[in-house]
Amino acid sequence: MPPPTLGALLAALGLAWLAGVALQLQQAELWQIEVYVGGAAAAVLACVVAARARSRHIVALLCVPAAALAGFGLTGLNASLRLAGGLSPAIEGRDLLVTGVVADMPQAGATGLRFRFEIETARLDGAVVQAPRHVSLSWYAPRDASDGAAAPPLAELQAGQRWQMLVRLKAPHGNANPHGFDYELYLFEQGVRATGYVRNGVAPRQLGPAAGCWIPRWRQAVRDRLTSAVSDPNAAGVLAALAVGDQAAIEREDWAVFRNTGVAHLMSISGLHITMFAWLAAVLVAPLWRRSTRAMLWLPAQRAAGWAGVAAALGYALFSGWGVPAQRTVWMLATVMLLRSLGRRWPWPLVLLAAAVVVTAGDPWALLQPGFWLSFMAVGLLMASEPARAAKAAPDADASRPLRWLRATWRHAHAGVRTQLIATIGLAPLTLVFFGQVSLVGFAANLVAIPLVTLVITPLALLGTLIAPLWWLAARVVDLLVAWLHWLASWPLAVWSVPAAPLWAQLAALLAALLLVLPLPWRMRFLALPLALPLLLPPRVLPAAGQFALTAVDVGQGTAVLLRTASHLLVYDAGPQYSPDADAGERVLLPLLHANGERRIDVLMLSHRDSDHVGGAAALIGALPVGAISSSLEETHALLQRGVAHRRCEAGQRWEWDGVAFEVLHPQPQDYARARKPNAMSCVLRVRGRDASVLLTGDIEREQEAALVATQGAALGSDVLLVPHHGSRTSSSAAFIDAVKPQIAVVQAGYRNRFGHPVAEVVERYRERGAQLADTVHCGAWTMASGADGPALEGHCERDARRRYWQHSVAPLKPSPPGSDAAGPP
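Residues numbered from 1 in each chain as written. Predicted model: local features only at pLDDT ≥ 70, side-chain atom pairs only at ≥ 80, totals over all residues. Heavy atoms only, no water.

**A look at the overall build of the chain**
Next, step 1: When helices and strands are counted, the chain shows 27 helices and 27 strands.
Next, step 2: Relative to the compact-globule value of 28 Å for 826 residues, the chain shows a C-alpha radius of gyration of 30 Å, a close match.
Next, step 3: When the backbone C-alpha atoms are referred to their principal axes, the chain occupies close to 95 × 70 × 65 Å.
Next, step 4: Looking at the 826 residues of the chain, the share that counts as buried comes to 50%.
Next, step 5: Pairs at least 24 apart in sequence give 70% of the contacts found in the chain among residues at least 6 apart.
Next, step 6: Here the chain has roughly 37,900 Å² of accessible surface; of this, 62% comes from carbon and sulfur atoms.
Next, step 7: Positive and negative side-chain charges of the chain, numbering 69 and 57 respectively, have mean locations separated by a distance of 12 Å. (Helix = DSSP H or I, 4+ residues; strand = E, 2+ residues; numbered from the N terminus. Rg over C-alpha atoms; globule rule 2.2 N^0.38 Å. Buried < 20%, exposed > 50% of the residue type's maximum accessible area, 1.4 Å probe, protein only. Contact = heavy atoms within 4.5 Å. Areas by Shrake-Rupley, 256 points an atom, 1.4 Å probe, with all protein chains shown as cover. Lys, Arg positive; Asp, Glu negative; His and termini not counted. Charge placed at Lys NZ, Arg CZ, Asp CG, Glu CD.)

What follows is the structure in structure tokens.
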């Protein structure tokens, strides 16, 4: 058997490394750190032995498994060191007096400031304690004039300042929902090991104006000058995002337009911006370098220009915040340039593989990020589809200069359109896999946006740091571009959404994209259509007649339940409004509904008017057709003025969908004539399928529970109970639980919420009666499909289904110390 070629051996080593990294990322719990150290050491030893043998067979036999072991071991070691710097449960939710440095530009929001803070010292009750070094803090504005809280220093808080402040910290904890964003992974990859907020018991003190972080200070100074020079906040936000990486400055409505037109990747510091900046630097340096004979003798102009491009990319990445996508691009460019400098003419797949190894060595969690795969796939598609150089047109030596210029312009325009077409078609399946939607106007939008953003707007935004009037010109170009994008976004079917598809369908669609863009015969390209269909039209698993599927969504401190029958969808409550700019409807429910393939909400039942139950309703009504709203809201409520049919929920209302019976049990019709607090008016809904039942209770309290027991008696019995009022001590009376007799009690509450829900006495009350407790803090979203391939009650927790070591492991439910919340401002 002939020995493997060098290229094959290098490819095997790179793929083995990536496989080892990917395998480690699937671990639910980390092993002892000695295991990872031992694995990495064994990998090095194996390669040393193989090198001494001087045989490629032995090298392949030993080094390829060793590369996988090294990837696994070093990633595990890196993860262990990060987890070791986490927040101790002993100081979680306690008042800590911390001293440290503002590590990045503060972000102003509707409720106050958010900023990264590097803790130098922390004290609890005067004693020094160990706290995570990197934390994310919020400094809330007072709710009203009587709050007594000090307003955050919007102008005074600057990156690089040293401050002393009283804070409360909690472990990173995000919502866990099917197909949802992994906030805990995001913080883990960023190195942030705790979140929290500034308290007002001790007045915060600035200890020093410039304690470090000179790049963030410079970035903030530029951002502040830019926002002062550009009067239009929308244009200023885009320019700040492109110049200094402040993506939070872009308005919420503009982000929606950018996503729907497929240009969101251009509005943040992405690989495209870094690469274009490197290319421009190389183009400028090359002719200047050729002017010096001494410089040419020391280093060829092409190589000098390439390294100048890498240096420029590094500088731009640092100035824009050194975000993870920018880091990946810098390492990729440096890898390619290093190979060229060493005289290595590797084929493009091997170059991309080497870059991927370098990127994952520094950031193994990049393998879990869509940006990693989209950037590498885009470069790979363009390289693979590049026609042979021999087929290119010969120079127009005999043509006149204007004709040569016109032909060159045509060739460049043709190449640009071709490149965009390849990227649009080739990346569409991957975009659908990661985001569940693709912009059908993205091709037209990017044809205009890419050259404008990369060659006009971004250079002007950067040059404006030296010549401020250029910001005004850049803002005018941004206005024109946004107007164009708004027009495209208004087209019918501008965005195409698909439900989440199984893995085999995703892989088949990626193969279809390759067949379409590779230089292959058309008869082979036609195979792309059947390969892509399972992703474009994935099969949906719907309940059978008489059965239903229920998801108690993890929305934090609030309620939202999806209930689906064979052909109908009911949404019970819409979760909280997190801030004036964010709510559960847009952040959680809509992505989940789209991933489930839902195109319409038949009934949106809003139990009562509290914001943790209706906060996301406006987003749902604005994004999806809603057949009807059922609620206890007053007729003048803003949500009922949006053109959707409304019916008051009243006891006695009944209907049936697909063999599943629905009945409203509360409130009584006469309750609307009396002045009652919102909790007492909660719509209570009982759902009965062929083999399971559920009772949804809103925020009813003991009085309403007693009335239900009196009127319904044993008929209240249900297999699943949505615990009233999130487990508050005002609800879940013993008589009510005895009447319902739930097998499973579901609590929807936020981690370390300031109300202490669910309270210990309520938890114990359910446990004493044999009910299984499923709370969203420990469980994430809880999903049940009645009668699905097994017992009538077979639910599962999202956190258990996708457990990974970076996710927060919450201690079992127990009484909370008084005054120990860390959920929000006091």
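**Some words on the sheet that holds strand β22 (residues 693–696)**
Next, step 1: Across the sheet, seven strands lie side by side as β19-β20-β21-β22-β23-β24-β25; this open sheet has mixed pairing. At either end of the open sheet lies a strand with only one pairing partner, and these are β19 (654–657) and β25 (772–775). Between one strand and the next, the sheet's axes are offset by a mean angle of 20°, whatever the strand orientation.
Next, step 2: The pairing of β22 with strand β23 (residues 720–722) spans three bridges and is parallel. (Pairing = 2+ DSSP bridges. Axes fitted to C-alpha atoms, helices over the stretch in contact; angles between N-to-C directions.)

**Overview of the nonpolar core**
Next, step 1: Membership of the largest hydrophobic core comes to 46 residues, with the highest contact counts inside it found for V230, L239, F258, V263, M267, I274 and I457.
Next, step 2: The biggest single contributor to this core is helix α16 (residues 469–489), with nine residues.
Next, step 3: Beyond its immediate sequence surroundings of up to four residues, V230 is in contact with A235, A236, L239, W471 and A475. (Core = buried A, V, L, I, M, F, W, Y, C linked by side-chain atoms within 4.5 Å.)

**Topic: helix α2 (residues 33–53)**
Helical geometry note: an α-helix holds 3.6 residues per turn, so side chains three or four residues apart project in the same direction.
Next, step 1: Along its 21 residues, α2 runs 31 Å from first to last C-alpha, staying within 8% of the 30 Å computed at 1.5 Å per residue.
Next, step 2: Buried within α2 are the following residues: Y36, G39, A40, A43, A46 and A50. All buried residues of α2 fall inside an arc of 120° around its axis, so they share one side. The outward face of α2, more than 90 degrees from its buried face, is lined by the exposed residues E34, V44, L45 and R52.
Next, step 3: On its buried face, α2 sits against α1 (6–24) and α3 (56–84).
Next, step 4: Two residues or fewer past α2, R54 is found with a positive phi of approximately 55°. (Expected span 1.5 Å × (residues − 1). Arc of directions from axis to C-beta.)

**Some thoughts on the environment of R802**
Next, step 1: Position of R802 among the secondary structure elements: in the segment after α27 (798–801).
Next, step 2: Residues R802 and N177 lie 625 residues apart in sequence; the distance between their C-alpha atoms is 9.8 Å.
Next, step 3: The contacts of R802, once residues within four sequence positions are left out, are N175, A176, N177, G180, F181 and Q807.

**Brief notes about the state of the cysteines**
Next, step 1: Considering all chains together, one arrives at two disulfides under this definition.
Next, step 2: Paired through a disulfide, C649 and C683 show a sulfur-sulfur distance of 1.9 Å. On the S-S bond that ties C649 to C683, the torsion sits near -70°, and the link is left-handed. Remark: C683 occurs in the loop between β20 (660–666) and β21 (684–688) and C649 occurs in the loop between β18 (646–648) and β19; sequence separation between them is 34 residues.
Next, step 3: Under the relative-accessibility criterion, C649 is labelled buried at 0%.
Next, step 4: By relative accessible area, C683 is classed as buried at 0%.
Next, step 5: Between the sulfur atoms of C779 and its disulfide mate C797 the distance is 2.1 Å. Sign of the S-S torsion, about -105° for the bond between C779 and C797, identifies this disulfide as left-handed. Here C797 lies in strand β27 (residues 795–797) and C779 lies in helix α26 (residues 776–779), a separation of 18 residues in the sequence. (Disulfide = S-S within 2.5 Å.)

**Concerning the side chain of H613**
Next, step 1: For H613, the position within the fold is in helix α21 (residues 611–614).
Next, step 2: Judged by its relative accessible area of 0%, H613 is buried.
Next, step 3: For H613, the residues in contact, after removing those within four places along its chain, are T559, D573, A574, G575, L606, S607, H608, G698, D699 and H726.

**Some remarks on the pattern of salt bridges**
Next, step 1: Counting across every chain of the model gives 26 salt bridges.
Next, step 2: The salt bridge partner of R252 is D583, with a shortest N-O separation of 3.1 Å. Of this pair, R252 sits in helix α7 (residues 252–260) while D583 sits in strand β15 (residues 582–583), and the two are 331 residues apart along the sequence.
Next, step 3: Take R252: its relative accessible area is 29%, and that puts it in the partly exposed class.
Next, step 4: Close ionic contact of E701 with K677 constitutes a salt bridge, the shortest N to O distance being 2.9 Å. You can see E701 sitting in the loop between β22 and α23 (702–712) and its partner K677 sitting in the loop between β20 and β21, a full 24 residues away along the chain.
Next, step 5: Each of D95, R168 and R199 takes part in salt bridges that share partners, so that together they form one network. (Salt bridge = Lys/Arg side-chain N within 4 Å of Asp/Glu carboxyl O.)

**Side note on the pairing of β19**
Next, step 1: Covered by surrounding structure in β19 are W655 and W657 only, the residues R654 and E656 on the alternate face being uncovered.
Next, step 2: Bridge analysis of β19 against β20 gives four bridges, and the strand direction is antiparallel. Across the sheet, residue W655 finds its bridge partner in β20, namely F662.

**A few points about the packing of aromatic side chains**
Next, step 1: Inspection of the entire model under this criterion finds 24 aromatic pairs.
Next, step 2: Arranged with centres 6.1 Å apart and planes meeting at 85°, the rings of F115 and F117 form a pair that is edge-to-face.
Next, step 3: The exposure class assigned to F115 is buried, which follows from its relative accessible area of 2%.
Next, step 4: A network of ring pairs unites the aromatic residues F188, W365, Y805 and W806 as a single cluster.
Next, step 5: A cation over a ring is seen here: R82 above F188, with NZ or CZ 5.9 Å from the ring centre.
Next, step 6: Over the aromatic face of Y672 sits the side chain of R648, whose NZ or CZ is 4.0 Å from the ring centroid. (Phe/Tyr/Trp six-rings, centres within 6.5 Å; stacked < 30°, edge-to-face > 60°. Lys NZ or Arg CZ within 6 Å of the ring centre and 35° of its normal.)

**Brief notes about the pairing of strand β24 (residues 744–747)**
Next, step 1: The two faces of β24 match: I744 and V746 on one face and A745 and V747 on the other face are all buried.
Next, step 2: Where β23 lies against β24, three bridges are found, and the strand directions are parallel. Bridge assignment links L722 to a residue of β24, and that residue is V746.
Next, step 3: For the crossover from β23 across helix α24 (residues 734–740) to β24, the handedness is right-handed.
Next, step 4: Sheet topology note: the β24/β25 ladder contains four bridges and is parallel. Looking at β25, one finds that A745 is bridged to L773. (Right-handed = clockwise from strand over helix to strand, strands pointing away.)

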